[in-house]
Amino acid sequence: MRDVIQDIDQWLIYEVPIAIATVISTWGSAPRRVGAKLAMTTDGRMSGSVSGGCVEGAVFEAGVEVLVNRQSKLLHFGVADETAWDVGLACGGTIDVFVEPLDPVVYNFLHGLIEEDESFAVVTIISGPANILGKKLVIQRGGRIFGSIDPVVDGIIAATARTTLTNDVSNRHVFELPDLDYENFEAFIEIIQPAPTLIVIGGVHIAIGLTAIAKNLGYRTIVIDPRRAFSSLDRFPDVDRLIQAWPDEAFRQIKLTPNTAIASLSHDPKIDDPALKIALANPAFYVGALGSQKTHRKRRNRLAEDGINAEQLDRIHGPIGLKIGAQTPEEIALAIMAEIVAASHKQ
């Protein structure tokens with residue numbers, strides 16, 4: 001959702017009808033993951049992607065039809081279908097895409113939750129009785145519910161969505177409710193988590209490229225450096241937050257979660273070491289530190305003398321970044337971000 005929000009916001013200003021296509025299941029070589037979205041308008045504007053280009057044309061045509069008829073539609077592309085060859089999935093994959101008109105009221109609510117870094121589940125009815133097709137129910141981690149599919153089944157759907165939210169895996173679910181004499185229906189339960197955060201210690205040259213790459217990948221970016229010349233808006237105009245303070249003070253202003261990556265780049269032990277001690281005491285999924293192997297050995301020894309145990313020290317990626325032969329600050333930034341992405345997927 002995050003990668004299409006900016007364009008949707010612009011289109012809504014002019015009250016342009018919008019359709020949203022969402023990948024609800026994939027198999028094989030389908031190039032986009034479940035939850036990927038394509039927003040589109042009848043005048044040819046598109047944002048996002050559901051296949052990296054393979055099925056966009058067919059999905060756009062379906063989106064125009066959905067906006068004309070105001071009726072949501074479930075699409076299937078697979079190797080067994082002649083259509084699949086036409087749209088580019090002949091290499092061996094299937095993709096199911098649900099296309100629906102954008103409901104501005106629901107969208108604005110979801111937009112608010114995303115801005116607030118909330119965790120929530122969005123339930124969308126993708127097949128079943130016509131009167132509930134496309135309807136949505138939103139369940140926040142704290143238990144709040146927004147919307148209604150049908151008062152008869154809302155409680156059952158919400159309970160299933162809460163379990164899915166706990167498991168943190170979007171999926172399809174078929175509801176069979178013979179005891180309620182209710183027609184079977186299928187829902188897509190999409191889990192939306194807060195954007196990952198990248199915290200960079202040290203506003204050095206590498207940090208400029210690193211935060212730019214991270215921003216393009218959907219990360220919230222924070223730069224910490226007590227040296228005002230290094231942590232200025234002129235150097236980091238697009239960073240979400242600049243904190244001109246020493247790490248001890250700066251980290252008191254930030255919530256560290258399992259969705260946080262920390263890259264310590266100042267190359268100054270007075271700045272890096274306190275930051276690493278705090279990082280290693282928290283559940284960040286990635287902690288990396290700039291420096292050669294010799295520098296990293298010295299760093300480990302200093303931290304060990306300060307009481308950091310070997311298991312914690314082994315969490316530090318040092319020297320930081322994948323080994324790709326990086327030379328320039330921009331290449332080093334690429335190597336670091338690649339390592340962060342790999343860590344996020346537990347590779």
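Coordinates for the structure precede this section.
Heads up: these notes are all about the structure in this document.

## Comments concerning the overall build of the protein
Line of reasoning, step 1. On a plain count of helices and strands, the protein comes out with 11 helices and 16 strands.
Line of reasoning, step 2. Considering only C-alpha atoms, the protein reaches an extent of 70 × 45 × 40 Å along its principal axes.
Line of reasoning, step 3. Only carbon and sulfur atoms are counted for the fraction: they give 51% of the accessible area of the protein, which is about 16900 Å².
Line of reasoning, step 4. Taking the average location of the 32 positive side-chain charges in the protein and that of its 43 negative ones, the two points are 11 Å from each other.

## Digging into the nonpolar core
Line of reasoning, step 1. Of all hydrophobic cores here, the largest spans 23 residues; its most connected members are Ile-199, Ile-201, Ile-224, Phe-251, Ile-254 and Ile-262.
Line of reasoning, step 2. Elements represented by at least two residues in this core include exactly β11 (197-201), β12 (220-224), α7 (247-251), α8 (269-280) and β15 (286-289).
Line of reasoning, step 3. If one sorts the elements of this core by residue count, α8 sits on top with five residues.
Line of reasoning, step 4. When sequence neighbours within four positions are dropped, the list of residues in contact with Ile-201 reads Ile-224, Phe-251, Ile-262, Ala-263, Ser-264, Leu-265, Ser-266, Ile-271, Asp-272 and Ala-275.

## Let's talk about the packing of aromatic side chains
Line of reasoning, step 1. Scanning the model with the defined rule gives three aromatic pairs in all.
Line of reasoning, step 2. Residues Tyr-182 and Phe-185 carry aromatic rings whose centres are separated by 5.8 Å and whose planes lie at 75° to one another, so their mutual orientation is edge-to-face. The residues Tyr-182 and Phe-185 share a single accessibility class, namely buried.
Line of reasoning, step 3. An aromatic cluster of three or more residues is present, and its members are Phe-175, Tyr-182 and Phe-185.
Line of reasoning, step 4. Sitting over the ring of Phe-230, Arg-227 keeps its end group 4.0 Å from the ring centre.

## As for the pattern of salt bridges
Line of reasoning, step 1. This structure, assessed with the given rule, holds 12 salt bridges.
Line of reasoning, step 2. Measuring nitrogen to oxygen at the nearest pair gives 3.2 Å for the salt bridge that ties Glu-65 to Lys-73.
Line of reasoning, step 3. Classification of Glu-65 by relative accessible area gives partly exposed; the value is 37%.
Line of reasoning, step 4. Linking Arg-300 and Asp-314 is a salt bridge whose minimum nitrogen-to-oxygen distance equals 3.1 Å. With Arg-300 in helix α9 (residues 293-305) and Asp-314 in the loop between α10 (310-313) and β16 (316-317), this pair connects stretches of sequence that are 14 residues apart.
Line of reasoning, step 5. Residues participating in the shared-partner salt-bridge network are Asp-96, Arg-172 and Glu-186.

## Considering the sheet that holds β12
Line of reasoning, step 1. Ordered in space as β13-β12-β11-β14-β15-β16, the six strands form an open sheet in which the pairing is parallel. The open sheet has two edge strands, β13 (241-243) and β16, and neither has a second partner.
Line of reasoning, step 2. Sheet topology places β15 next to β16; two bridges connect them, and they run parallel. Bridging across to β16, Val-287 finds its partner in Ile-316.
Line of reasoning, step 3. Set on the sheet, helix α6 (residues 205-216) makes contact with β11, β12 and β14 (260-264); between it and β11 the angle comes to about 175°.
Line of reasoning, step 4. Relative to β15, helix α11 (residues 329-344) is tilted by about 155°, and along the sheet it contacts β11, β14, β15 and β16.

## Observations concerning the packing of helix α1 (residues 2-13) against helix α4 (residues 104-115)
Line of reasoning, step 1. Axis separation between α1 and α4 bottoms out at 12 Å; the angle between their running directions is 135°. As far as their axial angle goes, α4 and α1 are oblique. Between α1 and α4 lies a crossing whose hand is left-handed. From α1, Arg-2, Ile-5, Ile-8, Asp-9 and Leu-12 reach across to α4, where they touch Pro-104, Tyr-107, His-111 and Ile-114.

## What to know about the sheet that holds strand β8 (residues 145-147)
Line of reasoning, step 1. Judged by pairing direction, the sheet is antiparallel, and its five strands sit side by side in the order β8-β7-β6-β10-β9 without closing on themselves. Two strands close off the open sheet at either side, each with one partner strand: β8 and β9 (171-177). Here the strands of the sheet are splayed against their neighbours by 25° on average, with no regard to which way each runs.
Line of reasoning, step 2. Summarising the sheet, strand β7 (residues 136-140) and β8 pair through three bridges and their orientation is antiparallel. By the bridge assignment for β8, Ile-139 is matched with Ile-145.

## Notes on a nonpolar patch on the surface
Line of reasoning, step 1. Taken together, the side chains of Val-152, Ile-156 and Leu-180 make up a nonpolar region of the molecular surface, amounting to roughly 220 Å² of accessible area.
Line of reasoning, step 2. We classify Val-152 as partly exposed; its relative accessible area is 47%.

## Observations regarding α8
Line of reasoning, step 1. Here α8 is 12 residues long and its end C-alpha atoms lie 15 Å apart, about the 16 Å a rise of 1.5 Å per residue gives.
Line of reasoning, step 2. Those residues of α8 that sit buried are Ile-271, Asp-272, Asp-273, Pro-274, Ala-275, Leu-276, Ala-279 and Leu-280.
Line of reasoning, step 3. Put simply, Asp-268 is the residue that caps the front of α8, since its side-chain oxygen is 3.0 Å from the backbone nitrogen of Lys-270.

Rules and cut-offs
Residues numbered from 1 in each chain as written. Predicted model: local features only at pLDDT ≥ 70, side-chain atom pairs only at ≥ 80, totals over all residues. Heavy atoms only, no water. Helix = DSSP H or I, 4+ residues; strand = E, 2+ residues; numbered from the N terminus. Areas by Shrake-Rupley, 256 points an atom, 1.4 Å probe, with all protein chains shown as cover. Lys, Arg positive; Asp, Glu negative; His and termini not counted. Charge placed at Lys NZ, Arg CZ, Asp CG, Glu CD. Core = buried A, V, L, I, M, F, W, Y, C linked by side-chain atoms within 4.5 Å. Buried < 20%, exposed > 50% of the residue type's maximum accessible area, 1.4 Å probe, protein only. Contact = heavy atoms within 4.5 Å. Phe/Tyr/Trp six-rings, centres within 6.5 Å; stacked < 30°, edge-to-face > 60°. Lys NZ or Arg CZ within 6 Å of the ring centre and 35° of its normal. Salt bridge = Lys/Arg side-chain N within 4 Å of Asp/Glu carboxyl O. Pairing = 2+ DSSP bridges. Axes fitted to C-alpha atoms, helices over the stretch in contact; angles between N-to-C directions. Parallel < 35°, antiparallel > 145°, perpendicular 65-115°, else oblique. Left-handed = near helix turned anticlockwise from the far one by under 90°. Patch = residues over 30% accessible without salt bridge, like charges linked within 9 Å, V, L, I, M, F, W, Y side chains within 5 Å. Expected span 1.5 Å × (residues − 1). Polar contact = N/O pair within 3.5 Å; in protein donor to acceptor, adjacent residues only side chain to side chain.

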